[in-house]
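Breakdown of the fold
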Amino acid sequence: MALPFNDIPEDLQLRILSFLSPPEISSFACTSKRFASLCQEDSKIWHALCNQRWGKKTQIKNWGNGQITFKLLYKTLKGLENLIGFWRLCGRANPIDSSPPLIFFEWCSSFVLGSRVLSINDDTYQVKKTQFLLMGISSEGRIENFLDLDGKSRNLVPVDVNFMGNCHIMVDENRVVSKGFSSGDDECDEVASPSLIVSEMYTQLANKTSPGGDRRRQKKKEKERQARVKWEPEHFIKVSDCSPTTTKPLQGLWKGFCDGRNMELYLIKYDEVGGIICRKVEGLSLSRQTSPVFWTPNHAFVSSPFSAEEELILNSRINISPLAEVHENVVSRMLYMNSSYDLVLPGEAGNGSRGEGRVWLYENGTFGFGFLRDQFIIDLKRVALEDGVLADVFEASK
C-alpha cells in the first residue's frame, strides 16, 4: 500500500523534491500551507536542490560567505553553470595582445575560476593554468567578477561578464566599481563588499595568501590600477565539442609541436556535410580570417593494412613530439586531407601535391598529421580528458 506524501519522512520528501525544477517547486508550494513553508527561499528544499546539482562540484554553503538564501544561490549557480569548460577568444585585432586565446572555467569552493591555458615551453605536452577571471557572489547577493591581469592575484580589475546567448560572453571593465574598488578608502561602503569577496577568493586559491595582511601593498596596487589604461572589452566563444567521440575521432581541442618546437593548440570541427577542418586556436582569436591547418571534404578513413605506397609514405617520416615521449603509436586508420598551402603561395596552385597530406589515427585514440611536401608527422594529444577536465597540467613545486 502506497504511503501518502505527507506520511513520508521529511528527509525522503526533500530527496524526492530535489529532482523538481524551480517552476515545479513553485506549483508544489501552492498545494498546502505546510508545503508553502517547506519551499521558502532559505528552506531545506532549496538547499536540497543546490546540493543535488552542485554539491559534489563546489561547497554550496561557502558561497556569499554563507549569508545568501539557497534560492538565490540556485539561481546564481544555474547562471554560472554554462561557463564550465573551454572558451576561446574571438575578434582580437592585434595578435600580440595579452589576452589568452583559450580559457578553462572550473568550479572552486565558493566561486568560478577562469584560467589561461598556456604552454610552459619545456618540450612536453604539459600546460599551465594562470588565473584570468574570478566570478563569485557577495554577502548581499551581488554577482562580482574580477579580471586578474597578471595571473597572480596582485592586480585585480572589477569587470562585467555579459552573456550573449549560451555560447558567447563579453568581458568588459566595470569602471564604476573599479573606481570605488581602487580608491583605497576604507570608509567607503562600495569598497567594502568587493574587498570581502576578493579576500575570500585569495584565501581559497592554492598557493595564495590573503591580501588582508599587507594593506600597504594592496593600496599601492590600487593606485597603479587607477593610472593604467582601460581594459578593452573581449569576446569569448564556448568550445562546445572539446573532446573526440566514436563517430568523430578527430573532433575537439588538441595540442602538438610545429614550427620552432613551439607547442600549438588546435581546434578540429566536423561540418554539417561531413567535412573536417583544423585551425590553430591562436588564429581563431583574430578578427581577420586565417587559413586552416588542414581540411578534408569527407571523413572516410582507410583501415589498415595500407598499400605499399602508403606504408612507404608513413614509414619514411619523422614524428614531431616531445623528446621525453617515445613514439610507439600503432596506426589503425588513415585519412586523406588537404592544406591551404597551395592557396596562399602564388605560383604553387598547379602543384596539388604540395597541399596534399594524411591523417594517421592511432590505436590509443590520438593521431598525427603530415603533408607530402615534407617528411614529418605532427603528433597531437588531447587538451581535455574524457570528463572535460584539463589534461597534463603542470604542477609547480611548492
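Quick note: structure is the one above.
Quick caveat, the model's predicted, so the values are computed rather than measured.

1. Re unusual backbone geometry
The peptide bond linking Ser-304 to Pro-305 adopts the cis configuration, its omega dihedral lying at 5 degrees. You can see Pro-305 is positioned in the loop between strand 13 (302-303) and helix 10 (308-315). Look at Asn-65: it is not a glycine, yet its phi comes out positive at around 55 degrees. If you trace the backbone, Asn-65 turns up in the loop between helix 4 (44-54) and helix 5 (70-81). A relative accessible area of 33% places Asn-65 in the partly exposed class. With phi around 55 degrees, Asp-392 is a residue other than glycine that occupies positive phi space. Following the sequence through the fold, Asp-392 ends up in the segment after strand 18 (376-382). Note on Asp-392: relative accessible area 28%, which makes it partly exposed.

2. Some thoughts on the pairing of strand 17 (residues 367-371)
In terms of burial, strand 17 is largely enclosed, as five of its five residues are buried. Taking every second residue as pointing to the same face, both faces of strand 17 are buried, with Phe-367, Phe-369 and Phe-371 on one and Gly-368 and Gly-370 on the other. Here strand 16 (residues 356-362) pairs with strand 17 via five bridges, running antiparallel. Across the sheet, residue Leu-361 finds its bridge partner in strand 17, namely Phe-367. Hairpin connection between strand 16 and strand 17: a loop of four residues separates the two successive antiparallel strands, and Gly-365 in this loop has a positive phi of roughly 95 degrees. Pairing analysis gives three bridges linking strand 17 to strand 18, with the strands arranged antiparallel. If you follow Phe-367 over to strand 18, its bridge partner there is Leu-380. Connecting strand 17 to the next strand, strand 18, in antiparallel fashion are four residues.

3. Section: the pattern of salt bridges
Pairing between side chains of opposite charge can happen when the charged atoms of each approach one another. For the structure shown, the criterion picks out 10 salt bridges. Among the salt bridges present, the one from Arg-317 reaches Asp-374, with a minimum N-O distance of 3.7 Å. One end of the pair, Arg-317, is in the loop between helix 10 and strand 14 (318-320); the other, Asp-374, is in the loop between strand 17 and strand 18, and 57 residues separate them in sequence. Overlapping salt bridges, with partners in common, bring together Lys-255, Lys-381 and Asp-392 in one network.

Conventions we followed
- Residues numbered from 1 in each chain as written.
- Predicted model: local features only at pLDDT ≥ 70, side-chain atom pairs only at ≥ 80, totals over all residues.
- Heavy atoms only, no water.
- Helix = DSSP H or I, 4+ residues; strand = E, 2+ residues; numbered from the N terminus.
- Buried < 20%, exposed > 50% of the residue type's maximum accessible area, 1.4 Å probe, protein only.
- Pairing = 2+ DSSP bridges.
- Salt bridge = Lys/Arg side-chain N within 4 Å of Asp/Glu carboxyl O.

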